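Tertiary structure, described
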Amino acid sequence: MHEKMVAVCSVVGVVGAAVAEILGGWDNAIVTLIIFMGIDFILGLICALVFGRSPKSEHGGLSSSACWKGLVKKVCTLLIVVVAHYADVLLCAQYIRNAVIIAFCASELISICENAGYMGILPPSVQKILEKI
């Protein structure tokens with residue numbers, strides 16, 4: 001059993017290191033983006049399951065299609081971060097990846113606020129500002 005656990009941990013470690021490498025490292029920027037993405041996804045699920053107010057489905061409830069599309073978009077976001085990292089490598093720069101991550105963090109933050117608005121958590125004044133954005 002011990003040998004199997006060591007093998008599993010080794011594989012997970014190698015895969016994790018490879019993913020971190022292609023993302024340009026495991027720093028605060030990528031951790032923040034992944035946390036924002038996770039919170040947005042969870043709030044979207046809560047919006048649909050608990051409140052029945054998801055704008056992603058006709059009836060406002062949970063939709064497997066909308067959920068799948070959301071996950072695919074999050075994976076594509078990370079792929080764009082990979083592209084930005086390699087653009088930095090190609091151009092000997094150190095700002096493209098971070099700029100892309102900051103832009104995606106801003107987008108995720110807006111989506112988090114929208115979901116909070118659908119749940120009635122945000123004050124109406126903040127919701128009006130979000131509607132204009």
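What comes next concerns the included structure. Residue numbers restart at each chain and count upward from 1, following the sequence in its written direction. Only residues with pLDDT of 70 or above have their local features reported here, since the model is predicted, and side-chain atom pairs are shown and tallied only from 80 upward, although totals for entire chains, interfaces and linings are computed over all residues. Calculation of side-chain values draws on the structure's entire complement of heavy atoms; hydrogens and water are dropped beforehand.

This part takes up the side chain of lysine 74. With respect to the element layout, lysine 74 can be found in helix H3 (residues 64-91). Exposed residues in this analysis have more than 50% of their type's maximum accessible area, buried residues have under 20%, and partly exposed residues fall in between, with area computed by a 1.4 Å probe over protein chains only. By relative accessible area, which is 13% here, lysine 74 ends up buried. Side chain to side chain, lysine 74 and glutamate 108 meet in a polar contact 2.9 Å long. With sequence-adjacent residues up to four places away left out, lysine 74 is seen in contact with Met37, Asp40, Phe41 and Glu108. For helices the rule is a DSSP run of H or I covering at least 4 residues; for strands it is a run of E covering at least 2, with both sets numbered from the N terminus onward. Any pair of nitrogen or oxygen atoms within 3.5 Å is treated as a polar contact; in protein, a donor-acceptor pairing is required on top of that, and neighbouring residues in sequence qualify only through side-chain atoms on both sides. Working rule for contacts: check all heavy atoms of both residues, and any pair within 4.5 Å makes them a contact.

In this structure, cysteine 92 is a non-glycine residue whose phi angle is positive, near 55 degrees. Looking at the secondary structure, you find cysteine 92 in the loop between H3 and helix H4 (96-118). When its relative accessible area of 74% is taken as the criterion, cysteine 92 is described as exposed.

Residues Ile42, Ile46, Leu49, Val50, Phe51 and Leu62 make up a contiguous nonpolar surface patch of about 560 Å² in total accessible area. Along the chain, the position of valine 50 falls in helix H2 (residues 28-51). Of the residues examined, valine 50 reaches a relative accessible area of 61% and is grouped as exposed. Like charges within 9 Å and nonpolar side chains (Val, Leu, Ile, Met, Phe, Trp, Tyr) within 5 Å are joined into patches, using only residues over 30% in relative accessible area that form no salt bridge. Per-residue and other accessible areas were derived by the Shrake-Rupley procedure at a 1.4 Å probe size, with only the shown protein chains allowed to occlude residues. Each reported salt bridge corresponds to a side-chain nitrogen of Lys or Arg within 4 Å of a carboxyl oxygen of Asp or Glu.

Residues enter a nonpolar core if they are buried and are Ala, Val, Leu, Ile, Met, Phe, Trp, Tyr or Cys, with the set joined through side-chain atoms within 4.5 Å. In this structure, Leu23, Ile30, Leu33, Met37, Val81, Val82, Ala84, Ile96, Val100, Ile101 and Cys105 together form the largest nonpolar core, which totals 11 residues. Contributions of two or more residues to this core are made by H2, H3 and H4. Broken down by element, this core gets its largest block of residues, 4 residues, from H4. Leave out the neighbours within four places in its chain, and valine 82 touches Ile22 and Leu23.

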